[in-house]
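Results of the structural survey
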Amino acid sequence: MPLKTKHLLGLDGMGREDIQLILDTAVSFREVLERPIKKVPPLQGKTVANMFFENSTRTRLSFELAERRLSADVLGFQATGSSVSKGETLKDTARNIEAMKVDMVVMRHSAAGAPHYLVRVIEANVINAGDGGHEHPTQALLDMYTIRERLGRLEGLHVCIVGDIAHSRVARSNIYGLKTMGARVSVCGPSTMIPRDIAELGVDVYHHIDDVLPTVDALNVLRIQMERDAGRLFPTLREYHNFYGVTRQRLEKAGRAITILHPGPINRDVEISADVADSEHSVILQQVLNGVAVRMAVLYLLSSRN
Amino acid sequence: MRKLKAQIIDEAGFERTITRLAHEILEKNKGAESIVIVGIRTRGEFIARRIARKIEEVEGVTLKIGSLDITLYRDDLLGKLEQPQLKGTDIIFDLNDKNVILIDDVLYTGRTIRAALDELIDLGRPKTIQLAVLVDRGHTPHPGGLRGEKRPHEFERIDQSSCQGSGRRGCRPAHAPGTAGLADS
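All of these numbers come straight from a predicted model, not from anything done at the bench.

Before going further, it helps to spend a moment on unusual backbone geometry. The linkage connecting G264 of chain A with the following residue, P265 of chain A, adopts the cis geometry, with an omega of -10 degrees. Topologically, P265 of chain A is positioned in the loop between β9 (259-261) and α10 (274-277). Backbone torsion omega between R41 of chain B and T42 of chain B reads 5 degrees, so that peptide bond is classified as cis. Residue position: T42 of chain B is located in the loop between β1 (35-40) and α2 (43-59). A positive phi angle is found at D269 of chain A, which is not glycine, with a value near 65 degrees. Tracing the sequence through the fold places D269 of chain A in the loop between β9 and α10.

Taken together, the contact between chain A and chain B spans 17 residues of the former and 15 residues of the latter. In terms of residue count, helix α1 (residues 16-32) of chain A provides more of the side of chain A that touches chain B than any other element does, four residues in total. Split into classes, the residues belonging to the side of chain A that touches chain B amount to ten nonpolar, five polar and two charged.

Another aspect to go through is the pairing of strand β2 (residues 65-68) of chain B. Residues and elements named next belong to chain B. Sheet analysis places β1 next to β2, joined by four bridges and oriented parallel. Bridge assignment links I40 to a residue of β2, and that residue is L68. Following the backbone out of β1, through α2 and into the adjacent parallel β2, one traces a crossover that is right-handed.

Take the sheet that holds strand β8 (residues 218-221) of chain A next. Residue and element names in this part refer to chain A. One open sheet accounts for five strands, arranged β7-β6-β5-β8-β9; its pairing is parallel. The strands lining the two open edges of the sheet, one partner per strand, are β7 (204-206) and β9. The average undirected angle you get between the axes of adjacent strands in this sheet is 25 degrees. Both strand β5 (residues 158-162) and β8 contribute to a ladder of four bridges, which runs parallel. For I161, the partnering residue across the bridge sits in β8 and is N220. Along the sheet, helix α6 (residues 169-180) contacts β5, β6 (184-188) and β8; its crossing angle with β6, the most-contacted strand, is approximately 160 degrees.

Residue and element names in this part refer to chain A. Strand order in the open sheet formed by four strands is β2-β1-β3-β4, with parallel pairing between adjacent strands. Each having just a single partner strand, β2 (73-78) and β4 (125-131) make up the two edges of the open sheet. The sheet shows a mean angle of 15 degrees between the axes of neighbouring strands, taken without regard to direction. Relative to β2, strand β1 (residues 47-52) is paired through six bridges, and the arrangement is parallel. Bridge pairing links F52 to Q78 in β2. Sitting on the sheet, helix α2 (residues 58-69) is in contact with β1, β2, β3 (104-109) and β4, with an inclination near 180 degrees to β1.

The rules we used
- Sequence positions are assigned chain by chain, starting from 1 and proceeding in written order.
- Written order determines the labels here, with chains lettered from A and ligands numbered from 1.
- Local features in this predicted model are restricted to residues of pLDDT 70 or higher, and side-chain atom pairs are both shown and tallied only at a pLDDT of 80 or more, whereas totals for entire chains, interfaces and linings draw on every residue.
- Helix and strand definitions here come from DSSP, where helices need a minimum of 4 consecutive H or I residues and strands a minimum of 2 consecutive E residues; each element is numbered from the N-terminal end.
- Placing C-beta atoms from the backbone, we regard two residues as in contact once those atoms come within 7 Å.
- Under the scheme applied, nonpolar residues are Ala, Val, Leu, Ile, Met, Phe, Trp, Tyr, Cys and Pro; charged residues are Asp, Glu, Lys and Arg; polar residues are all the others, including Gly.
- Two strands form a pair only when DSSP identifies at least two bridges running between them.
- When the strands point away from the viewer, a crossover counts as right-handed if the path from the first strand over the helix to the second runs clockwise.
- In this analysis an axis means a line fitted to C-alpha atoms, helices contributing only their contacting stretch, and an angle means the value between N-to-C directions, from 0 to 180 degrees.

The structure is reproduced here in structure tokens:
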């Protein structure tokens, strides 16, 4: 049973079988990452271009490692200092890279829909590594993998995403994926950070974190993105921390074991207190490791679909 | 299911072959101390378990048994329209300095075994890798020099009705009958 798609653009509209197949395949690659030689040959002879038009360290490194561990040849590309700064269009940049016989393209772009445009102008498989405020499917897949690994299932769990939902592609992909897999999804944040029509996606909205904690199984805590001028969405960082920060006292009051996820990089003592980030309930570093396995699974499954 | 031309091994014969292979393995390795058993998924796994159980019976020991999914090491992945589903390799013990008994059901072209050797060597540094197969079809054009006995024949059937978990075993064209071989790689 292969994937029904040739590209991974988002989790919106992706079927349950496809998500299940990616997560199950990732289990095999997770085992590869435990071996003394963490490299397998299925993508030998394939070339993957990583086109990052927006800054990224974690996602770019994770993709690059996944590609190398599958024995693919890897092309790196960063917008700064490249032809993009000379005014080249996305279409021309992509076509030039493809002319070098590239089989797969991993792209991050600040414009929502950029990878959807890309699949119309090039032949290679396209993987969306984040497009504007739209989707970040591999992040959501690794979040789901990590929750499933920790709690044994996704169906019937209550997962709450805390933070700036309005500007978060991670939140959007998680909502689509988790809903498809049968989880209950809620979002929590100040009203400046919650899109007015978010309930249409089938999620519950909370404005007080203490209201959601008593029923939640996993919290996905989003980073306050200071570089995107988050400061205008709430008065001060301290106030945000007081109202929405995930702290040990709050978790203890809830009286249940809540798995804590965070897509990183974390702002300690802003959205999450330092002791919670380092506690046994935190799976933040497992997410990083699982991210490599999940991306290997996506690359492996898409690589044959030309 | 295709019509069988000949049945080359029945349940009793299967049992005898398992017993003989188990004894051959023990004889060759002077006991069970240094050996670990690795079955190639999916069918080799069942046979591996049978052989291991037999060795354990004879020697009164507990063996380490693992299974190998060679999919990622196949040489025909690039030409495939869809990627085969992964079943996962499950070897939770150290292979270093061990005599690895690699087990599969049928040896034919040697491609599967080539892939298995590559994967095993990436997993550790065994002292030896010894191949045990239930049926050697005697046609190994693939480089690697793996060979059991050869006998001319046309059809084979592996009856695994006494194996765990089997349900869809059919027949395949064959070249050699039920000769089980133990070969050094």
